[in-house]
Amino acid sequence: ALAPAEELARFPFMAGKEMLVGGRPALVTRCGYTGEDGFEIAMQTQDAIELSERLVASGAVWCGLGARDSLRLEAGLCLYGHELEMDVSPVEAGLTWVIPKARRTGGGFLGAEQIQAQIVEGTARSLVGLITEGPAARQGSVVVDAEGHSIGVVTSGGFSPVLKKSISMAFVSTPNKKVGTQVKVVVRDRERNAEVTRLPFVASNYYRVPKAT
């Protein structure tokens, strides 16, 4: 084993520690942006090369950023430049949970007045999931209602290997965020049927340390 199983069993999600991996010192974090259990390992360059060779020799398979992004999309995780921008609030992006409860009511941070108002009054647009027919609707694709009126825009999209369907995340006008709402997305100048669905598309698989018995 490259690391002691007992040590990994006590290693919770979103934690980090210095430890030996394959006999080499490394900074290891149990995190990542895929919705799956996994580790990010930082170590000296030569040690990293040797470790990667050992992993491949033991059956690991290389993958690229496209594979990681498909997992990110299935997990409904926001990405800066897509779901997150300077003009997007955490409330609009469904990230109110990242604001501590004391801050939601007490404020004391930049933009607090606007954020607190959105929490109480709601927002004009909301982030939703879409399951679409045909080719995937990519970033920038327009979302329209049954009458052909523009109601939003796709922020991320691709094919889901798990669901075997085309999926997208999009900002739509809040009245159209209800799960099951039928909309259309414009893909290559053609309107494709789509349905609003809950996020995440695929349940996350983060590791939880077993409770002591």
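Keep in mind the model is a prediction, meaning the values are calculated, not measured. (Residues numbered from 1 in each chain as written. Predicted model: local features only at pLDDT ≥ 70, side-chain atom pairs only at ≥ 80, totals over all residues. Heavy atoms only, no water.)

A.B. asks: What's the story with the side chain of threonine 34 in this structure? I'm lost.
C.D. replies: As for its position among the elements, threonine 34 is in the loop between β2 (24-29) and β3 (40-42). In this structure threonine 34 comes out as buried when scored by relative accessible area, which is 18%. Sequence-distant contacts of threonine 34, that is, excluding residues within four places in its chain, are made with Arg68, Leu71, Arg72, Ala75 and Leu77. (Helix = DSSP H or I, 4+ residues; strand = E, 2+ residues; numbered from the N terminus. Buried < 20%, exposed > 50% of the residue type's maximum accessible area, 1.4 Å probe, protein only. Contact = heavy atoms within 4.5 Å.)

A.B. asks: What exactly am I supposed to notice about the pairing of β2 here?
C.D. replies: On any regular strand, side chains alternate: one points to one face of the sheet, the next to the other face. Where strand β1 (residues 16-21) and β2 come together, 6 bridges link them in antiparallel fashion. Note on β2: the bridge partner recorded for methionine 19 is alanine 26. Connecting the antiparallel pair β1 and β2 is a turn made up of 2 residues, with glycine 22 showing a positive phi of about 60°. When β2 meets β3, the two strands line up antiparallel, connected through 3 bridges. (Pairing = 2+ DSSP bridges.)

A.B. asks: Please explain the nonpolar core as it appears in this structure.
C.D. replies: Nonpolar side chains in soluble globular proteins generally cluster together in the buried interior. In this structure, Leu130, Val143, Val154, Ala170, Val183 and Val185 are the most contacted members of the largest nonpolar core, which totals 13 residues. If you list the elements that add at least two residues to this core, you get β4 (125-132), β6 (150-160), β7 (165-173), β8 (182-187) and β9 (190-197). Ranked by size, the runner-up nonpolar core spans 11 residues in total, among them Leu73, Cys78, Ala93 and Leu127. (Core = buried A, V, L, I, M, F, W, Y, C linked by side-chain atoms within 4.5 Å.)

A.B. asks: Mind showing me how you'd approach the packing of aromatic side chains here?
C.D. replies: The geometry of an aromatic ring pair is captured by the separation of the ring centres together with the interplanar angle, meaning the angle of the planes. On inspection of all chains with the given rule, the structure shows 2 aromatic pairs. On the numbers, 4.1 Å between centres and 20° between planes, the contact of phenylalanine 13 with tyrosine 206 is stacked. Here tyrosine 206 lies in the segment after β9 and phenylalanine 13 lies in the loop between α1 (5-9) and β1, a separation of 193 residues in the sequence. The positively charged end of arginine 125 is found above the aromatic ring belonging to phenylalanine 171, 4.9 Å away from the centroid. (Phe/Tyr/Trp six-rings, centres within 6.5 Å; stacked < 30°, edge-to-face > 60°. Lys NZ or Arg CZ within 6 Å of the ring centre and 35° of its normal.)

A.B. asks: Is there a simple way to think about empty space enclosed by the protein in this case?
C.D. replies: Over the atoms rolls a probe the size of a water molecule, and in doing so it shows where empty space is left. Here the structure, examined in full by the defined rule, presents 1 cavity of 30 Å³ or more. For the largest cavity, the calculated volume is near 40 Å³. Residue lining of the largest cavity: Thr34, Gly35, Glu36, Leu71, Glu74, Ala75, Val202, Ala203 and Ser204, and that is the complete set. Of the residues that constitute the lining of the largest cavity, the class distribution is 4 nonpolar, 3 polar and 2 charged. (1 Å grid on protein atoms, 1.4 Å probe; cavity = no way out; pocket = protein on both sides within 12 Å on 5 of 7 lines; lining within 4 Å. Points joined across faces, edges and corners; volume = space filled by probe spheres on them. Nonpolar A, V, L, I, M, F, W, Y, C, P; charged D, E, K, R; others polar.)

A.B. asks: I tried to follow the sheet that holds β4 on my own but got confused; where do I start?
C.D. replies: The strands making up a sheet associate through hydrogen bonds between their backbones, and the pairing can be parallel or antiparallel. Strand order in the closed barrel made by the 6 strands is β4-β7-β6-β5-β8-β9, with antiparallel pairing throughout. Direction aside, the axes of adjacent strands within the sheet are offset by 40° on average. Along the sheet face, helix α3 (residues 65-74) touches β6 and β7 and points at about 130° away from the line of β6. (Axes fitted to C-alpha atoms, helices over the stretch in contact; angles between N-to-C directions.)

A.B. asks: What should I look at first to understand the environment of arginine 54 in this one?
C.D. replies: In this structure, arginine 54 sits in helix α2 (residues 45-57). Placed 157 residues apart in sequence, arginine 54 and lysine 211 show a C-alpha to C-alpha distance of 33 Å. Contacts of arginine 54, omitting those with residues within four sequence positions, involve Leu2 and Gly22.

A.B. asks: So what exactly am I meant to see when it comes to the layout of surface pockets here?
C.D. replies: Considered as a void within the structure, the largest pocket measures approximately 690 Å³ in volume. Around the largest pocket, the lining is made up of 23 residues, and of these Phe39, Glu40, Leu55, Trp62 and Cys63 lie nearest the centre. Of the residues forming the lining of the largest pocket, the biggest block, 5 residues, is contributed by α2. Split into classes, the residues belonging to the lining of the largest pocket amount to 14 nonpolar, 5 polar and 4 charged. Approximately 270 Å³ is the volume attributed to the second largest pocket. Along its surface, the second largest pocket is lined by 15 residues, and Gly76, Leu77, Cys78, Leu95 and Trp97 are the ones closest to its centre. In the lining of the second largest pocket, the residues fall into 12 nonpolar, 3 polar and no charged.

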